[in-house]
Amino acid sequence: MATKFNLKDLPYSYDALAPHISEETLKVHHDKHHQTYCDKFNGALEAAQIESEDFREIFANVADKPAIRNMGGGFWNHQFYWESMAPKCSGPSELPEMHKAIVDSFGSFDKFKDEFSQKAAAVFGSGWTWLAVDSNGKLVIYNTANQDNFMMDVCVNKEEPILVIDVWEHAYYIDYQNKRPAHIDEFFSIINWDKVSERFLKIINQ
Ligand code: MN
């Protein structure tokens, strides 16, 4: 019997992120796109007779497993994305260690925001932009294509993420049509800095 993963509910209501992300977008994105990744990932695990429930193990060898790479990445990345957002958030300046890491790594919060926004706008086609922690505890920003993530052998970036934005068109097309930069700008109003900071502290205190 292969492993079976279930889709979790969103950690907030469908209308909770409006007007930054609409109820309609969240319903389609979670209930259709994410659910499809979940179902197809389970099918791919079954077909490959993979029993592991450990994502690092599952993603360690995906170079010759496109279904696991694409569907599994889609399943894991979206869960991480939902938890990266919240309707009511602290500002990073209220989280001293997180704020210090941003300033130490980028010079200022505004410089971080600029770099993150530019990288996200520059993803060609479909992909994700990640804020991550390198082995020295420094914050870095990188993009991954399609549904790739840091745990995969096919991904050059191995830094552990603490924040992600989905820049596939399905994430913003209903609300912003082709205006991806507007979507990125609005994303900054709904970043769950409490969660991002919690992930950061967990990594640096390991
Ligand atoms: Mn998506």
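Keep in mind that this is a model prediction, so the values were computed, not measured. (Residues numbered from 1 in each chain as written. Predicted model: local features only at pLDDT ≥ 70, side-chain atom pairs only at ≥ 80, totals over all residues. Heavy atoms only, no water.)

Peer 1: Looking at this structure, how should I read the sheet that holds strand 2 (residues 139-145)?
Peer 2: For sheets, the rule is that strands pair by backbone hydrogen bonds, running either parallel or antiparallel. Within the open sheet, the three strands sit side by side as 2-1-3. Their pairing is antiparallel. Two strands lie at the open edges of the sheet, namely strand 2 and strand 3 (160-166), each paired on one side alone. Between one strand and the next, the sheet's axes are offset by a mean angle of 25 degrees, whatever the strand orientation. (Pairing = 2+ DSSP bridges. Helix = DSSP H or I, 4+ residues; strand = E, 2+ residues; numbered from the N terminus. Axes fitted to C-alpha atoms, helices over the stretch in contact; angles between N-to-C directions.)

Peer 1: Please clarify how the environment of L139 should be interpreted in this entry.
Peer 2: Structurally, L139 is set in strand 2. According to the relative accessible area criterion, L139 is buried, its value standing at 1%. Along the chain, L139 and A47 lie 92 residues apart, while their C-alpha atoms are 38 Å from each other. With residues near it in sequence (within four places) discarded, L139 still touches M98, A101, I102, S105, F106, L131, A132, V133, I162 and F200. (Buried < 20%, exposed > 50% of the residue type's maximum accessible area, 1.4 Å probe, protein only. Contact = heavy atoms within 4.5 Å.)

Peer 1: Even after reading the chapter, I still don't get the nonpolar core, so can you show me in this structure?
Peer 2: Residues F112 and L139 are the most contacted members of the largest nonpolar core, which totals 63 residues. Discounting chain neighbours no more than four positions away, the residues touching F112 are I102, F106, L131, I141, L163, F188 and W193. (Core = buried A, V, L, I, M, F, W, Y, C linked by side-chain atoms within 4.5 Å.)

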